[in-house]
2 protein chains.
Amino acid sequence: MINQVFLDNAPLEQTKQNYLNKLADAGALCPKAEPVAVSAAVGRITDTAVRARISSPHYHASAMDGFAVRACDTFQASEATPLRLKLGIDAVVVDTGDPLPVGFDAVIRIEDVSFPAEELIEITLGAVPWQHVRVMGEDLVATEMVLPANHKIRPFDLGALFTAGLTEISVRAKPKVAILPTGTELVEPGTEPLERGDIIEFNSRMLGAMVEEIGGEAVRFPIVTDDYHLLKRTIAKAAAETDFVIVNAGSSAGREDFTAKVIGELGQVFAHGVAIKPGKPVILGMIEDKPVIGLPGYPGSAALTFELFAVPVLEAMLGTTKASEQVTATLTRKLVSPLGVDEFVRVKLGQVGERLMATPLARGAGLVTTLVQADGVIQVCRQSEGFHAGHPVNVELLRPLREILRTIVVIGSHDQALDILGDVLHSVHPNYYLSSAHVGSLGGLLALRRGEAHLAGIHLLDEQTGEYNLAYLAKLLPGIPVKLINLSYRSQGLMVRAGNPKCIRDLRDLTRPDLQFINRQAGSGTRLLLDQKLKQEGLNPDRIQGYAREEFTHMAVAVAVASGAADCGLGVLSAARALGLEFIPVAEERYDLCILQEYLNQPHVQALLAVLESAAFKQRVLALGGYDLRDCGRTMN
Amino acid sequence: MINQVFLDNAPLEQTKQNYLNKLADAGALCPKAEPVAVSAAVGRITDTAVRARISSPHYHASAMDGFAVRACDTFQASEATPLRLKLGIDAVVVDTGDPLPVGFDAVIRIEDVSFPAEELIEITLGAVPWQHVRVMGEDLVATEMVLPANHKIRPFDLGALFTAGLTEISVRAKPKVAILPTGTELVEPGTEPLERGDIIEFNSRMLGAMVEEIGGEAVRFPIVTDDYHLLKRTIAKAAAETDFVIVNAGSSAGREDFTAKVIGELGQVFAHGVAIKPGKPVILGMIEDKPVIGLPGYPGSAALTFELFAVPVLEAMLGTTKASEQVTATLTRKLVSPLGVDEFVRVKLGQVGERLMATPLARGAGLVTTLVQADGVIQVCRQSEGFHAGHPVNVELLRPLREILRTIVVIGSHDQALDILGDVLHSVHPNYYLSSAHVGSLGGLLALRRGEAHLAGIHLLDEQTGEYNLAYLAKLLPGIPVKLINLSYRSQGLMVRAGNPKCIRDLRDLTRPDLQFINRQAGSGTRLLLDQKLKQEGLNPDRIQGYAREEFTHMAVAVAVASGAADCGLGVLSAARALGLEFIPVAEERYDLCILQEYLNQPHVQALLAVLESAAFKQRVLALGGYDLRDCGRTMN
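A. Representation of the pattern of salt bridges. Residues and elements named next belong to chain A. The full count for this structure, using the stated rule, is 84 salt bridges over all chains. The residue E111 makes a salt bridge to R109 at a minimum N-O spacing of 4.0 Å. Here R490 makes a salt bridge to D415, at a shortest N to O gap of 2.2 Å. Here the residue R490 occupies a position in strand β32 (residues 482–496), and D415 occupies one in the loop between β29 (407–412) and α10 (416–428), the gap between them amounting to 75 residues. A single salt-bridge network, built from bridges that share partners, covers E188, E201, R205 and R220.

What follows is the structure, encoded as structure tokens:
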């Protein structure tokens, strides 16, 4: 019953090059051409150099509104000896673009002429031959090259093509790419109700959009269940009907992963398994002369292996290469990576001071939000065990650098009001972005100290003074000028499942043996609050079951409670409300934004502070519940 | 009969801001929303923040192929005390993505298990709670923000949207933009035969593609002839049916330019004429609450005024801003610009050594090739009379910088083989580009000396030695290491109209009083060749009519002859052939590429040299006629 398959672990470049060579040898990568109407050519790629069929202008044209003349007639005109020309005989009215009458070779502008009498004009300056004339072929000469081969057509190019007398040109045919989602667990988006185990099928849509972005035509096949014969029939059909087949997934070695076997039976498998992370189980094959790639099922793995293996195939078929943009950035955190595999880690980027900072995102291949949030990708090669914080790394950009440079980097405690702040900022200023990383309040202050963020979101209660935040600034950022601006006061409390099935009343219940608690990470403001309250109540943390299990956000704690993984946790009201949990208030706490003084006058930071005072922002935060904005926007230090 | 209208000459920023304010006050710029299926959402812009409808995963899911267990059952397992678990009772087979059975809280990977007997598995290491489990909400929690407002949707975002349980989202409606080409002289592309004075209508297609690139929907109206009532009816219809009307052209003050009058009658004209170059006669108006803009007819003017005035209107309707990318570059030539107008000059860019060099392109507003060739735009503000060569200028990029950095900059003499060289280079290496500016051979060497180009194309005959190029290197580039590589030998000769109607036999005919000659510019190799040959023949240039009229390329000379503007000129066989001219050979000359040694080992230059030796390149050059490639690729110094 258990079918253990050992996948190859071949190095990346060699496997990829070998695959592309095999495909090229089989003639599977030759660009094909097709004619396309110029009017529909934007975004297409020229197959050969395009040459002008006619010249532009195709006749000597007036370049001004005025009068065509024979220059030799006008030489003697001067202020002292004005010259009169008879309309229709010595001078002919022309508008811009009109052809010069035969024998005429210059144009005098209407502004340079007076009208002494009907049918007469007077000039005081002779015309130079060909003045204000667009001579035939000035712009383009027939047979001249209008566009080179391999050129992606832009709106401006349409003008040149039409004016060169072309209405149809030869472009690269769009490779037809079949995308086959496979797996009995997959359901179409919109399926109701969702059962446990149902997985909404979205990879095929994501991959299809990636295919079209590169210039291919995506042909999405219906979901194929885990039925060996059905899969085989479908792959054979796809290979017959399209230029390139992508099977997703069934590429690993689980019970129902037939893909490699089927491709091997219908054609050849050149590689099954590559030493990369994520995406190891990728299958590289060919049926007849059609490339067939099996991508792993996790979205992170599917996206990466598509980029690494399917994009070069598509680009070869289109005869193009997408030039990737690389930058050097400084790692904000230590990044550990296994030896022996090329690991690809997505990062968030932000310009803080002179440095571009890269923060690694969560690495689960199943996380699709990581794909959404990423600004770039780092490759940690197989000879490396990773990098220390502060290490310079090479980042391939996934987002234009100019956007990244306009991003405010917030590191610190998570708060939903911060998401709303970012959303409103970007709505009001489409050029500005807010990026927030959640490492807790102390982590945020440490990031500020290392110059890795513009500002930190903090809610740090000082045990001695009972005051928020100020004591920590003195301790952690001595001598570093910062401005502390209040975001909100918010309720922290115990979140429990609806109906409070375990009858939890207050913190003292946490030590009950029948309760499973879920904690926040050390360094978070919520954890400090909990520890202080436990101390006040004389409760021993060692007696709380689950005290050692840490989550990084209020939402993660709420999820743990909602899903039954824990019975209660400490968090904000908005998180409890979002998941329909009950909320037992414990304390009100102050949440401030700590901004490095040196960035205070930057336009995007100023814009952020203005948003903080706006009604649009405040209304949305108050609607969350559990927030008091009495000091919102006020300087606290 | 002559209707002189004086256009406004208001400054740019003030006019533009005033117009946008008027439109905003009238409510003409409010973004509208519409629902769209997630599957069709790529490229659309979110109207509001998008929140997750369900969590992802929406159940506790196995993250591996293996066995679900209860962690507490497994604590005692070790190498010394292996633990057996009964399948179906203590351990349940799960594949990646399968739901954990109720009560189970960890997964053991298939690799970490042995199979001692049917229905039994054995483990030697206990499971930690929640290991290899994707807990509910790990990726996205219901109600969490998936995408902010004002976000342009990318392929990756589809994954997050579908997995968050969404199948439809609210996006900005595409503004419908009417584009009305006007002018009796306009004919549709493909019209045969073209008469003198016919202008192929292409602006509407170019502008339409620009509208769609920004995210609008272009509605192209049929050509409107210069009929006042027809124009009025059509503009009224367009304003009623769409969100934004663009009339092109009829915006200047020529005889048949009714547009401003019509817009004024149907609504209001806020400005007619702005102090910019090109594009001065632009009309900014409104009919009801619909923006109506009259763009000038020249493609360069239409494109610029569209960018300056129509793009901000469209962006306001979509709630976005296209962040423009600016770089600083060094001017390669003096740029003179009139005081009192903001002039926009398109440039070619190239990285040579450490510097980015900007070469102004020809400034005729009628030139559509300038739009095609431009890498960027310089704004010379109205207080400035321009810049000297070597001056740093701010350039707004029209092409990605990474492409520009991979461009080989050739300045010098024009040759069609050079176009083919660039075309083949880019076909073989889609990442590399060749940009050539035609300033003649001497100009090319001077550009090399100033560090403005990687290489120059030259054919410079030395009078003393009768040799090509070497003497000039010693004279003009003393001490600068260069490599001289032959491109071709080519025939130079007199080009005359088919049938040689003026019976020209050789250079001695040039002094005939009935002949009009057309010359090449001083510093060009062809000019040097002519002057040397005239000297040999004892002919006085002063006696040649047209000797003073200079063109910058072989093709321009050929056009002058073909169109009857001149009777003959000196040039290469390929130019003559291209326009069906007769060719009277005068000499064979050597055309070399002079490459600065310091760039010789750059990969794009090496790629270029490899192309020079390729059969693909040679075949295409030989097909032009008049070329001898016996030394092509050979080092000549």
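The rest of the description comes next.
B. Main features of the environment of A91 of chain B. Residues and elements named next belong to chain B. Residue placement: A91 occurs in the loop between β5 (83–86) and β6 (92–94). Distance in space between the C-alpha atoms of A91 and R53 is 33 Å, their sequence separation being 38 residues. Residue contacts for A91: discarding those within four places in its chain leaves F67, A68, V69, L85, K86, F104 and I121.

C. The packing of aromatic side chains, seen in detail. In total, this model carries six aromatic pairs over all chains according to the counting rule given. If you follow K475 of chain A out to its NZ or CZ, it ends over the ring of Y472 of chain A, 4.4 Å from the centre. Its end group placed over the ring of F104 of chain B, R70 of chain B keeps NZ or CZ at 4.4 Å from the ring centre.

D. Representation of the sheet that holds β6 of chain B within the structure. Residue and element names in this part refer to chain B. The sheet built from three strands is open, its strands ordered β6-β4-β7 with antiparallel pairing. Strands with a single pairing partner mark the edges of an open sheet, and in this sheet they are β6 and β7 (106–109). Each strand of the sheet is rotated relative to its neighbour by a mean of 40 degrees, with strand direction disregarded. Pairing between strand β4 (residues 66–69) and β6: three bridges, direction antiparallel. Paired with G66 across the two strands is V94, which belongs to β6.

E. How the structure looks around the sheet that holds strand β5 (residues 83–86) of chain A. Residue and element names in this part refer to chain A. Spatially, β5-β9-β8 is the arrangement adopted by the three strands of the open sheet, whose pairing is antiparallel. The strands lining the two open edges of the sheet, one partner per strand, are β5 and β8 (114–117). Going from strand to strand, the sheet's axes swing by 40 degrees on average, the running direction of each strand aside. Two elements, β5 and strand β9 (residues 120–123), share four bridges in a ladder whose sense is antiparallel. Opposite L85, over in β9, you have I121 as the bridge partner.

F. Local environment of the packing of helix α3 (residues 155–163) of chain A against helix α4 (residues 203–214) of chain B. Where α3 of chain A contacts α4 of chain B, the two axes come as close as 8 Å, and the packing angle between them is 165 degrees. Considering the angle they form, α3 of chain A stands roughly antiparallel to α4 of chain B. Here the hand of the crossing between α3 of chain A and α4 of chain B comes out right-handed. Of the residues in α4 of chain B, those touching α3 of chain A at P155, F156, L158 and F162 of chain A are R205, M206, A209, M210 and E213 of chain B.

Rules of the game
- Residues numbered from 1 in each chain as written.
- Chains lettered and ligands numbered in written order.
- Predicted model: local features only at pLDDT ≥ 70, side-chain atom pairs only at ≥ 80, totals over all residues.
- Heavy atoms only, no water.
- Salt bridge = Lys/Arg side-chain N within 4 Å of Asp/Glu carboxyl O.
- Helix = DSSP H or I, 4+ residues; strand = E, 2+ residues; numbered from the N terminus.
- Contact = heavy atoms within 4.5 Å.
- Phe/Tyr/Trp six-rings, centres within 6.5 Å; stacked < 30°, edge-to-face > 60°.
- Lys NZ or Arg CZ within 6 Å of the ring centre and 35° of its normal.
- Pairing = 2+ DSSP bridges.
- Axes fitted to C-alpha atoms, helices over the stretch in contact; angles between N-to-C directions.
- Parallel < 35°, antiparallel > 145°, perpendicular 65-115°, else oblique.
- Left-handed = near helix turned anticlockwise from the far one by under 90°.

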